[in-house]
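Coordinates in review
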Amino acid sequence: MKIAIYPGSFDPITNGHLDILERAITLFDKVVITIARNSSKNPLFTEEERLQLIREAVKKHKQVEVDSFEGLLVDYARKKNATAVVRGLRAISDFEYEMQMALMNRKLNPDVQTVFLMPNERYTYLNSSIVREISRLGGDVNDFVPKVVKQALDKKFKVK
Ligand code: ADP
């Protein structure tokens, strides 16, 4: 059984994240989408809220597990019997940081491979912080996030 980890802050999960996840499940038997607990300093959504939104957004995919973790990603991957870490690459701007992380993770655990997937072009300019900002300012994020996330954002920002 080939297992991959898809880590991130998912604050909140967007259609870009889902695009990557859906590509990953065509390559692996199981994908664990997991919130890295300490990576986002001041999240808009609590960990429990983010988990709930992810669960709702991925519920049709039986081969996806939703989780969160603290500590080193490579230790977590080992615990989950995963052989790969999935990351999304949107643009060159992602590359430097992602390469640094991938090489450092390989140094820490040579048995875990980092796999980069590219989303549909329409998601290349999308990230969670832009979604939070647009939503906070009252803009329309319907094209960027699952319905359940849109509702949660509206609630956070008290839109009727
Ligand atoms: P963000 O960069 O939006 O704060 P995360 O830390 O939650 O996102 O990102 C987790 C992973 O998902 C990273 O590998 C990131 O590159 C990827 N990702 C985030 N948004 C997108 C997107 N729109 N398209 C493709 N990959 C994405």
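Everything discussed here concerns the structure shown above.
Attention here is on the structure that accompanies the text. (Residues numbered from 1 in each chain as written. Predicted model: local features only at pLDDT ≥ 70, side-chain atom pairs only at ≥ 80, totals over all residues. Heavy atoms only, no water.)

On to unusual backbone geometry. Following aspartate 11, the chain continues to proline 12 via a peptide bond in cis, the omega torsion being 0°. With respect to the helices and strands, proline 12 occurs in the loop between β1 (3–8) and α1 (15–24). Backbone geometry places phenylalanine 10, a non-glycine residue, at a positive phi of 50°. With respect to the element layout, phenylalanine 10 can be found in the loop between β1 and α1. Taking relative accessible area as the criterion, phenylalanine 10 reaches 2% and is therefore assigned buried. Its identity is not glycine, yet asparagine 81 carries a phi of approximately 60°, on the positive side. Positionally, asparagine 81 belongs in the loop between α3 (73–79) and β4 (84–88). (Helix = DSSP H or I, 4+ residues; strand = E, 2+ residues; numbered from the N terminus. Buried < 20%, exposed > 50% of the residue type's maximum accessible area, 1.4 Å probe, protein only.)

This brings us to the pattern of salt bridges. When charged atoms on two side chains of opposite charge get close, those side chains can pair. Going through the model one piece at a time under the given rule, you end up with 15 salt bridges. A salt bridge links arginine 37 to glutamate 47, with the nearest nitrogen and oxygen atoms 3.1 Å apart. Taken together, the residues span a long stretch of sequence, with arginine 37 in the loop between β2 (30–36) and α2 (47–58) and glutamate 47 in helix α2 at a distance of ten residues. In this structure glutamate 47 comes out as partly exposed when scored by relative accessible area, which is 24%. Note that lysine 150 and aspartate 154 form a salt bridge whose closest N and O atoms lie 3.0 Å from each other. Taken as a pair, lysine 150 and aspartate 154 lie in helix α6 (residues 147–156) at a separation of four residues, close to a single helical turn. Each member of the pair, lysine 150 together with aspartate 154, is buried. (Salt bridge = Lys/Arg side-chain N within 4 Å of Asp/Glu carboxyl O.)

Tracing the backbone through its elements, the reader meets aspartate 94 in helix α4 (residues 92–108). Only 2.8 Å separates the side chain of aspartate 94 from the backbone nitrogen of arginine 90, close enough to count as a polar contact. The contacts of aspartate 94, once residues within four sequence positions are left out, are Gly88 and Leu89. (Polar contact = N/O pair within 3.5 Å; in protein donor to acceptor, adjacent residues only side chain to side chain. Contact = heavy atoms within 4.5 Å.)

We now examine the pairing of β2. Among the seven residues of β2, six are classified as buried, and the element is accordingly described as predominantly covered. Across six bridges, β1 lies against β2 in parallel orientation. Pairing of isoleucine 3 across the sheet is with lysine 30, part of β2. The β-α-β motif built from β1, the intervening α1 and the parallel element β2 has right-handed crossover chirality. (Pairing = 2+ DSSP bridges. Right-handed = clockwise from strand over helix to strand, strands pointing away.)

On to the packing of aromatic side chains. Think of a pair of aromatic rings as described by two things: how far the centres are apart, and how the planes are tilted against each other in angle. Per the counting criterion, the structure on display carries three aromatic pairs. Plain terms: the ring middles of tyrosine 6 and phenylalanine 10 are 5.3 Å apart, the flat faces sit at 80° to each other, and that makes the pair edge-to-face. Of the residues examined, tyrosine 6 reaches a relative accessible area of 4% and is grouped as buried. Judged by centre distance (6.4 Å) and plane angle (85°), the ring pair of tyrosine 125 and phenylalanine 144 falls under edge-to-face. Of this pair, tyrosine 125 sits in the loop between β5 (113–117) and α5 (128–136) while phenylalanine 144 sits in the loop between α5 and α6, and the two are 19 residues apart along the sequence. (Phe/Tyr/Trp six-rings, centres within 6.5 Å; stacked < 30°, edge-to-face > 60°.)

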